[in-house]
Amino acid sequence: MFFDLPRITVIGGQSAGKSSLVEAVSGINVPRDPGTCTRCPMECTMSSSATSWSCQISLRIEYDSGGRQLEVSNTTLFGPCLTDKGTVELWLRRAQAAILHPHLQPSFFLDMDEATLRQLSKKGQDPDDAGPRMLQFSRNTVLVDVKDPDIVDLSFTDLPGLIQNESVDTIEMVRELVVSHISGQNTLILITIPMSDDMQNQEAVRLAKSADPDGTRIIGVLTKPDTLTAGAIGLRQLWRAVIEGQEHPLKHGYYCVRLPDDAERARKLSPAERERAAANFFDNTSPWTPAEIPDRKRFGIPNFVTDISRLLVGLIEKNLPNLRRSVDDLLRKCVADLEDLPPRVTTEPSAEVLLRVTSFCREFSEAVSGTSNKSFAQGNRSCYAEFKADIYQTRPNFRPIAHDEEYLHPSLIQLDLRDVRDCIANSVGWELPGFVPFDATKDLVARFTSLWREPSLSCLDDIFATTSAFVDTLLVSHFGQFKPLENHIRSLTNANIEECREESLTTLEKFLAFETAPLYTQNIELLESQRNFWRVQYRWKPTYEPEADQYPDERELMANVQAYFHVSSARIIDYVPLLIEHELHQRIATSLQQSLFDRLLEDPKKMTQLLDEDPVIADKRRILEGKKSRLLEIKEKLDAFRSND
């Protein structure tokens, strides 16, 4: 429903006579079974603008199997246009079965006979059945469009009857379904009230009065007067008082109808015969006789249908200005939504594909250079900053003492003077006494620089993941309108960037090998500056070692290793990001477009197939265009109504 359109909603308890009332009003037979026979809303539109009788059934799907409202509804025809009234009941059974089995295609039910439908219903309610269950109730709607030259123009929605002997969840679901349909201020609430029960027991009455406390939208329909026995004098007089407005008064009052029983239905009485039978009952049964209740407008289906049709027309006339505004607003929004969809392709397919590829590659290249989509470059810079912090975490943590408990600082590797002395001792070869072996320097440097591989590879992996996600966003943006094209370009693009990643990894591994051997730098000034700085940091401090300095060589080695670490780490924290940018991002930016062109032009005919529009977008376009068409029809009818004012 686009907006709060004036309409009539029929509610009532289980076995309140709703189905019989619907049959009497619409002239069609509806499914009738023991217990609850209506398990989803049925929206019936009756029109006299026809020369012969016909009926078209449709399904309107607005909710998924879990009862959650869909973003867009879908209305589809169900079966052929019927011209035989005797077939309507079976087709309604089929339509309701299709609604209650959302896991099956509606076409599955088109040829199903009544016996099979009943068996399927029993199977669907069997708790031991392991297959997909039939829904007990559904919010989706069966639409019934009846055209009959002899009928009164009317539209109404018949809802499942309020139930009591089911699970709490099921009872509440039906109750919420009813409440949602009667809450609109333009909804006339038609309550079927069986006279075989007390008014105080009618939950439908309570729900209606809760939705409409002033009672301006409520109409009562009293059913089953023929169930009151001759001896129930008090009860008959009570219901007479209700009809005459003396008890439980309503603004629009109550109507009393006598509907065919099962035996009369089996005889397939004509509408005229049913009306004569009802009139004979009211004319000859106390206290409904003309002598007792002279006002006969409250009895019988014809009077009831005429009055509620008049009420509905009055409601439409009253709300006509608001309806026009609502239609205009919805029409504008519908047009805007259509304009927001990707435009239909009007160019030659190959040209369209290549133009989109060019635009896609250009946007990626601009993001790499930092001239657009700056969040991409900003995210990469953040990742490189984390990489720098990870490298600094591997710095040597030398402790210029010989006792662990006196100098504690978190680090991946912690070495004190005794540890360094052991390293020197293990590195001694044929050096002259008094010389510190260079192997000790290489050993200590390697202990720390060997830790750089893991954060370097992690940095490449993180950047690649960010790049892949960004590329995927661009793919959806440039090709999402055409899912086959999007998937094909994604496959080709992923192959290209994966190749660039492999080449980047190879180059990164080679660069990391540079830091293993030889230990080399031409940045002598920085090396010497750092060495002098760390000599001061590691000099003998009496507070740590009360005796004379026993570790001069160890302290000097610590300073040398720290100095070289500073020089070499300064290289890697710059060159790893530069390497990734050059070998990964810039390589993709310079190679991707030509790679895609080469692959696409291998089979130019395939590009036509790739431009099949995404079914989701195509469906949305179709639904919006259908909605626009229906709104234009409604607008035209409202304008015509205004011209006849």
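Since this is a predicted model, take the numbers as computed values, not measurements.

A separate point is the environment of Thr467. Locating Thr467 in the fold gives a position in helix α15 (residues 453-479). Looking at Thr467, the relative accessible area reads 1%, which means it is buried. Measuring from C-alpha to C-alpha, the distance between Thr467 and Leu584 comes to 9.4 Å, with 117 residues separating the pair along the chain. Beyond its immediate stretch of four places on either side in the chain, Thr467 contacts Phe364, Phe376, Leu584, His585 and Ile588. Side chain to side chain, Thr467 and His585 meet in a polar contact 2.7 Å long.

A few words now on the environment of Val179. Mapping Val179 onto the fold places it in helix α4 (residues 168-182). For the pair Val179 and Pro260, spaced 81 residues apart in sequence, the C-alpha separation works out to 29 Å.

Quick look at the pattern of salt bridges now. Two side chains with opposite charge may pair up if their charged atoms get near one another. Enumeration over the complete set of coordinates arrives at 34 salt bridges. A salt bridge links Lys483 to Glu486, with the shortest nitrogen-to-oxygen separation between them at 3.1 Å. Taken together, the positions of Lys483 and Glu486, both in helix α16 (residues 483-514) and three residues apart, correspond to about one turn of that helix. A relative accessible area of 32% places Lys483 in the partly exposed class. Assessed through its relative accessible area of 2%, Glu486 is described here as buried. Through salt bridges with shared partners, a single ionic network connects Glu89, Arg93, Glu114 and Arg118.

With 67 residues, the main nonpolar core has Val357, Phe360, Phe398, Ile572 and Leu600 as its most contacted residues. It is helix α18 (residues 552-600) that provides the largest number of residues to this core, a total of 18 residues.

Turning our eyes to something else, we now look at the environment of Leu323. Tracing the backbone shows Leu323 in helix α10 (residues 320-340). Residue Leu323 is classed as buried on the basis of its relative accessible area of 5%. Each C-alpha atom, one on Leu323 and one on Gly234, is 47 Å from the other, the two residues being 89 residues apart in sequence.

Right, let's get into unusual backbone geometry. At the junction of Ser286 and Pro287, the peptide bond is cis and its omega measures out at 5 degrees in the coordinates. Residue position: Pro287 is located in the loop between α8 (271-284) and α9 (301-318). Of note, the amide linkage connecting Ala517 to Pro518 takes the cis form, showing an omega dihedral of -5 degrees. Its location among the elements puts Pro518 in the loop between α16 and α17 (524-538). Unlike most non-glycine residues, Lys224 shows phi in positive territory, near 60 degrees. Looking at the element boundaries, Lys224 is found in the loop between β8 (218-223) and α6 (233-243). According to the relative accessible area criterion, Lys224 is partly exposed, its value standing at 29%.

Rules used throughout
- Residues numbered from 1 in each chain as written.
- Predicted model: local features only at pLDDT ≥ 70, side-chain atom pairs only at ≥ 80, totals over all residues.
- Heavy atoms only, no water.
- Helix = DSSP H or I, 4+ residues; strand = E, 2+ residues; numbered from the N terminus.
- Buried < 20%, exposed > 50% of the residue type's maximum accessible area, 1.4 Å probe, protein only.
- Contact = heavy atoms within 4.5 Å.
- Polar contact = N/O pair within 3.5 Å; in protein donor to acceptor, adjacent residues only side chain to side chain.
- Salt bridge = Lys/Arg side-chain N within 4 Å of Asp/Glu carboxyl O.
- Core = buried A, V, L, I, M, F, W, Y, C linked by side-chain atoms within 4.5 Å.

Purely geometric numbers; function is a separate question.
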